[in-house]
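# Structure assessment
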Amino acid sequence: MCGPRRARAPGQIPHPSCASTGPGETAGFWASSSDCHPEDVPMARSDLEPLHFHDLVRARGRRRATVGRRRSHRGVWLPSESPRSLLGELEALAVVCPRVVATGWTAAAIHGHPWPPRSHDLEVATGSNRVRRAGVLSRQFEIPEEHWREVLGPHGRPVRVAVLDRALFDLARYLARDEAVVALDGAGRLGMDAGAAVARMAELTPGASRRSLALSHASLCDPLSESPMESRLRLFARDLGLDHLVVQYRVPGTIYRLDLADPDRKIAIEYDGAHHG
């Protein structure tokens, strides 16, 4: 997991698929592992990079250490003019813990998922160590090297991001049913069959916890869903006994298309609202 990888330019992540790879608000943390101490990371030399407070003190003196900077994580400071972004906050976290791997909603959002929560913690896999910082959601498991890619953050520092297949698998096994299905449905907007992706990742990680739950959630997803609320409505109808609904059903002989329909029972369901499409 610690081997070097070629870093890509900021935001340039290939559309990930395990078939081709071989098989949100933040604060900070201290952990017991030596992986998570700032002295493990070479001191950044550019004033544009995120820096640990100790490095700023050594370079500028204690009185001027944080002049022109804002705190991103406890002990880590960014230039004040640096725009706030998910990848930038992950990059700042990497100053004090360079071996964490972004997964879940954090990785999915970096990959361009269209429906991430408006606000979510940085979700990172931390191996056997527990990261205890406000704004950081620590997942205590390892992500194999073949399931993550190294990319460059906006300040040029490399960070590790799980491939989309793996991010979806982790979402499917840790989120509640409705939110897990929303996450998987949304991947369809990226051209991905999330159900197949989760099944493939489950096969590659037979010892993963909550694996059966991930597969159960994946069996309910539909890539044709056009909004999170439409996905939730489909699950609500399913709980009422309408478990044979067709998504985006085209009415024969007409130009109309229905969000959800049961042709045999002649039932049509439409969702209209601000969070649709």
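The structure presented is a predicted model; accordingly, all values stated were derived computationally and were not measured.

## Quick look at the pattern of salt bridges
Counted under the stated rule, the structure contains 13 salt bridges. Among the ionic pairs, Arg166 bridges to Asp170, the shortest N-O distance being 3.2 Å. With a gap of four residues between them, Arg166 and Asp170 both fall in helix α5 (residues 164-174), about one helical turn apart. We classify Arg166 as buried; its relative accessible area is 3%. Overall, Asp170 belongs to the buried group, its relative accessible area being 0%. Across the pair Arg232 and Glu179 runs a salt bridge, and its minimum N-O distance is 3.0 Å. Taken together, the positions of Arg232 in helix α9 (residues 228-239) and Glu179 in helix α6 (residues 177-187) put the pair 53 residues apart, joining distant regions of the chain.

## Notes on the sheet that holds strand β2 (residues 69-73)
The strand order β1-β3-β2 describes an open sheet built from three strands, whose pairing is antiparallel. Strands with a single pairing partner mark the edges of an open sheet, and in this sheet they are β1 (51-52) and β2. In this structure, β1 lies alongside strand β3 (residues 76-79), joined through two bridges in antiparallel fashion. When the sheet's bridge partners are listed, His52 is paired in β3 with Val76. Where helix α3 (residues 86-96) meets the sheet, its contacts fall on β1, β2 and β3, and the angle it forms with β2 comes to roughly 75°.

## Quick word on the sheet that holds strand β11 (residues 267-269)
With antiparallel pairing, the three strands of this open sheet are ordered in space as β9-β10-β11. Two strands close off the open sheet at either side, each with one partner strand: β9 (246-250) and β11. Averaged over all pairs of adjacent strands, the angle between their axes in this sheet comes to 50°, without regard to strand direction. Where α9 meets the sheet, it contacts β9, β10 (257-262) and β11, and its direction lies at approximately 15° from that of β10.

## Structural notes on the confidence of the model for the protein chain
The share of residues in the protein chain with pLDDT of 70 or more is 81%, and the mean pLDDT across the chain is 84. Overall, residues 1-6 carries pLDDT values under 50, and its contacts beyond four positions in sequence, including any with other chains, amount to 18 contacts. For residues 37-45, every residue scores under 50 in pLDDT, and the model assigns this stretch 20 contacts once sequence neighbours within four places are set aside.

## Re helix α7 (residues 194-204)
All of the buried residues along α7 are Ala194, Gly195, Ala197, Val198, Met201 and Ala202. End-on, the buried residues of α7 take up no more than an arc of 165°, which puts them together on one face. N-capping of α7 is provided by Asp193, with a side-chain oxygen placed 3.3 Å from the backbone N of Gly195.

## Section: helix α8 (residues 211-218)
When we look at burial in α8, the residues that qualify are Ala214, His217 and Ala218. Down the axis of α8, the sector holding all buried residues measures 100°, keeping them to one side. Where α8 is buried, its residues meet α5, α6 and α7.

How each quantity is defined
- Residues numbered from 1 in each chain as written.
- Predicted model: local features only at pLDDT ≥ 70, side-chain atom pairs only at ≥ 80, totals over all residues.
- Heavy atoms only, no water.
- Salt bridge = Lys/Arg side-chain N within 4 Å of Asp/Glu carboxyl O.
- Helix = DSSP H or I, 4+ residues; strand = E, 2+ residues; numbered from the N terminus.
- Buried < 20%, exposed > 50% of the residue type's maximum accessible area, 1.4 Å probe, protein only.
- Pairing = 2+ DSSP bridges.
- Contact = heavy atoms within 4.5 Å.
- Axes fitted to C-alpha atoms, helices over the stretch in contact; angles between N-to-C directions.
- pLDDT = per-residue confidence, 0-100.
- Arc of directions from axis to C-beta.
- Polar contact = N/O pair within 3.5 Å; in protein donor to acceptor, adjacent residues only side chain to side chain.

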